[in-house]
Amino acid sequence: MEKKIKCTKCGEITTVSGNPGETITVTCPSCHAIGKITFEKIQIYKSEEPIVQIKNISKKYKDILALNNVSFDLKKGEIFGYIGPNGAGKTTTIKILVGLLNKTSGQVFINGYEMPEQKSQAHKFIGYLPQQVAFQQWRTLNHALTTFAKLSGMQKNSIQPKINELLETMDLTKFKNKKINQLSGGTIQKVGIIQAILHNPYLLILDEPLNGLDPESRYQVKQIFKDLSKKGTTVFFSSHILSDVEDVATKICILDWGKILKIGTLDELKTEFVKEKQIEIILSKKTEKFKEINNLIGVQNILEKSDNKFLINIDKTSDSDEIIHNIIKTLLKNDCRIRSIAPTNPALDEIYQYYLRKGGDK
Amino acid sequence: MSFSLIFKDELVGFYKSKAMIFLWIGLPLLAILVHVSSQTSDMSLSILVSLVVSSIGGLLASVMLTVNIINEKDTRVYDLFLIRPLKRWHILVSKFLAVYICVSIACILAISIGLLVDYSESQIAFEIIIKNIFEPFMMTLAVIAISSAVGVLIGVVAPSILVGVLLVIFGGQYISSIPSIIPFVFNIENPFTIVLILGIIITTLLMSLSILLFNKKEF
């Protein structure tokens with residue numbers, strides 16, 4: 001394995017390689033300072049099994065059924081977006097998953113270890129960010145992160161370089177020695193994300209991780225999710241910001257009243273939602289003969305959205321590209337000028353509303 | 001490893017806290033005040049201070065622990081600890097020990113002032129003063145241990161800081177005084193050993209109950 005290290009004397013960045021668990025002596029190529037570095041041990045990962053298996057879990061709070069027979073699996077490297085309205089049961093699922101809440105019935109396995117019975121083994125694989133992240137106020141940012149790194153079993157000499165690297169990525173180096181009670185809400189949220197990813201967990205569980213972050217930080221965090229996913233980390237996160245879920249999630253689950261309404265990739269969710277394919281056309285010049293496109297094969301009807309903006313409904317079975325080609329030919333032949341033409345793509349927001357309404361009708 | 005780490009952190013956290021600084025200055029100051037106001041008393045100052053600080057130190061230890069645990073529960077500080085490979089009892093025992101040690105040091109400082117005054121004002125040999133103060137001092141430590149354990153238990157079960165503090169003030173103090181009262185109620189000749197044994201038993205029982213409830217708690 002390879003690791004980038006920064007010389008503490010001159011700041012020179014060098015790449016070194018070694019085996020997991022091995023300690024090597026490194027000489028800085030620039031200032032010739034000598035230091036030691038230990039490569040972290042790789043945890044046993046049962047790659048043949050899904051990293052998360054949730055089987056028919058239910059949770060009752062007195063008379064309220066917060067979760068009703070929820071089941072799903074998560075595979076290595078998936079980014080799982082868990083969405084639903086307030087009180088849908090997202091946080092309850094997450095807390096059961098990390099072992100902070102007990103389920104009423106069902107089974108939860110993390111990397112083959114059953115929760116909560118084998119949580120001490122399962123916790124070695126988890127990085128977690130709660131919805132309301134909090135640290136002991138008297139700690140400095142660096143002290144808090146060091147403690148969590150040690151508790152997660154990180155090698156002593158790899159803790160500080162990793163903290164420095166993540167603080168730099170999140171632009172928090174200037175707050176390193178500040179006390180937690182001197183930090184803003186957004187900064188604390190970023191520190192929360194750092195403590196979750198610090199020990200390179202195989203499973204990252206985050207409850208509303210993008211809350212309170214500015215657009216730039218949200219972009220950074222989403223990039224981190226994508227990078228971790230590429231390295232094989234499974235990311236499970238809940239969010240209310242649907243555009244963010246749409247940006248990063250490879251699998252989406254819509255939850256309402258403790259029940260899963262729909263689960264699948266964004267494309268799979270769209271398939272049921274899109275009853276009819278639609279093409280949107282914006283014209284810069286329209287002639288009377290424009291309506292000739294009504295006669296084309298596959299075109300069902302034209303809806304006029306504004307003076308020069310139209311929606312064309314086409315058969316679900318027909319090839320959109322072929323129809324778009326024919327529409328362009330017809331429009332040009334009839335002296336119309338096209339500003340844009342493209343098949344419409346429903347946003348996750350529309351799909352979400354559709355499934356919630358559908359679920360509510362049942 | 002995780003216990004020693006958390007214990008060390010808690011110890012640092014408590015001894016650096018404003019409440020503890022106040023205690024370390026406040027209790028010795030109290031000893032001086034007791035000395036000034038009890039010039040006519042026949043009892044030696046160190047024994048008198050020992051009695052006063054066992055009650056005040058115990059109350060402060062239990063209030064500090066109750067408030068700290070409820071506050072950290074409410075602000076969800078424990079979530080990040082409990083999802084790591086760590087035993088839940090580590091959190092409670094490390095807090096108990098950290099506060100117990102800090103409050104005991106404050107008491108030792110206060111009693112030491114009493115000892116110095118007794119030594120300077122009387123013609124009694126220092127060894128005899130030490131011998132006389134040893135038993136009350138050990139009883140003070142026993143009472144503080146029970147008070148601290150009461151603080152932990154109330155911190156685990158109380159729903160809010162206000163309820164917790166009220167329970168400590170109106171209930172905790174009675175539990176802490178049990179070992180001091182029992183030998184006198186049953187007219188036991190050597191109360192010191194009984195107080196110590198009762199102190200250890202009650203503290204262990206209270207801490208075990210706290211750990212049991214904390215282990216079952218959902219966050």
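Residues numbered from 1 in each chain as written. Chains lettered and ligands numbered in written order. Predicted model: local features only at pLDDT ≥ 70, side-chain atom pairs only at ≥ 80, totals over all residues.

Asker: Can you help me understand the overall build of chain A in this one?
Answerer: A count of helices and strands for chain A gives ten helices and 18 strands. Against the globule reference of 21 Å for 362 residues, chain A gives a C-alpha radius of gyration of 26 Å, more extended than a compact globule. Seen through its principal axes, chain A has C-alpha atoms that stretch 80 × 60 × 45 Å. Out of the 362 residues in chain A, the part that is buried amounts to 35%. Pairs at least 24 residues apart make up 64% of the contacts formed inside chain A by residues separated by at least 6 positions. (Helix = DSSP H or I, 4+ residues; strand = E, 2+ residues; numbered from the N terminus. Rg over C-alpha atoms; globule rule 2.2 N^0.38 Å. Buried ≥ 20, exposed ≤ 12 C-beta atoms within 10 Å, placed from the backbone. Contact = placed C-beta atoms within 7 Å.)

Asker: Explain the sheet that holds strand β8 (residues 105-110) of chain A to me, please; I cannot follow it from the model alone.
Answerer: Hydrogen bonding along the main chain pairs the strands of a sheet, whether they run parallel or antiparallel. Residue and element names in this part refer to chain A. On the basis of which strands lie adjacent, the open sheet formed by four strands has the order β6-β5-β8-β9 and antiparallel pairing. The open sheet has two free edges, formed respectively by β6 (64-74) and β9 (113-115), since each of these has just one partner strand. Pairs of neighbouring strands in the sheet enclose a mean axial angle of 30°, with direction left out of account. Sheet topology places β8 next to β9; three bridges connect them, and they run antiparallel. Across the sheet, isoleucine 110 pairs through a bridge with tyrosine 113, a residue of β9. Contacting β5 (52-61), β6 and β8, helix α1 (residues 90-98) runs over the sheet at an angle of about 60° to β6. (Pairing = 2+ DSSP bridges. Axes fitted to C-alpha atoms, helices over the stretch in contact; angles between N-to-C directions.)

Asker: Just checking my understanding: could you explain helix α8 (residues 191-216) of chain B for this structure?
Answerer: The α-helix winds at 3.6 residues per turn, so residues separated by three or four positions along the chain end up facing the same way. Taking 1.5 Å of rise per residue, the 26 residues of α8 of chain B would be expected to cover 38 Å, and the 37 Å separating its terminal C-alpha atoms lies within 8% of that figure. Tucked into the core, α8 of chain B has its buried residues touching α5 (88-121), α6 (126-157) and α7 (161-185) of chain B. (Expected span 1.5 Å × (residues − 1).)

Asker: It is not clear to me how the pairing of β5 of chain A should be interpreted in this structure. Could you clarify?
Answerer: Regular strands have side chains that alternate between both faces of the sheet. Residue and element names in this part refer to chain A. Pairing of β5 with β6, which is carried by seven bridges, proceeds in the antiparallel orientation. Residue pairing across strands places tyrosine 61 opposite isoleucine 64, the latter belonging to β6. In this antiparallel pair of consecutive strands, β5 and β6, the connection spans two residues, and lysine 62 shows a positive phi of 55°. As paired strands, β5 and β8 are joined by five bridges and run antiparallel to one another. Within β8, the position partnered with glutamine 53 by the bridge is phenylalanine 109.

Asker: Just checking my understanding: could you explain the domain arrangement of chain A for this structure?
Answerer: Residues and elements named next belong to chain A. We note that the domain assignment places domain 1 (2-38), domain 2 (52-270) and domain 3 (275-345) within chain A. Each of domain 1 and domain 2 has a C-alpha centre, and these two points are 31 Å apart. The interface of domain 1 with domain 2 comprises five residues on the first partner and four residues on the second. Sorting the residues of the side of domain 1 that touches domain 2 by element identifies β1 (2-6) and β4 (34-38) as the ones contributing at least two each. Broken down by element, the side of domain 1 that touches domain 2 gets its largest block of residues, three residues, from β4. Here the side of domain 1 that touches domain 2 is built from residues that sort into two nonpolar, one polar and two charged. (Domains from an automatic or database assignment. Nonpolar A, V, L, I, M, F, W, Y, C, P; charged D, E, K, R; others polar.)

Asker: Even after reading the chapter, I still don't get the interface of chain B and chain A, so can you show me in this structure?
Answerer: By a frequent convention, interface size equals the accessible area lost on bringing the separate parts together. Across the boundary between the two partners, chain B contributes 18 residues, which contact 23 residues of chain A. Put simply, the parts of the chain that give the side of chain B that touches chain A at least two residues each are α1 (2-15) and α4 (79-82) of chain B. The dominant element in the side of chain B that touches chain A, judged by the number of residues it contributes, is α1 of chain B, at four residues. Residues of the side of chain B that touches chain A, tallied by class, amount to eight nonpolar, four polar and six charged.

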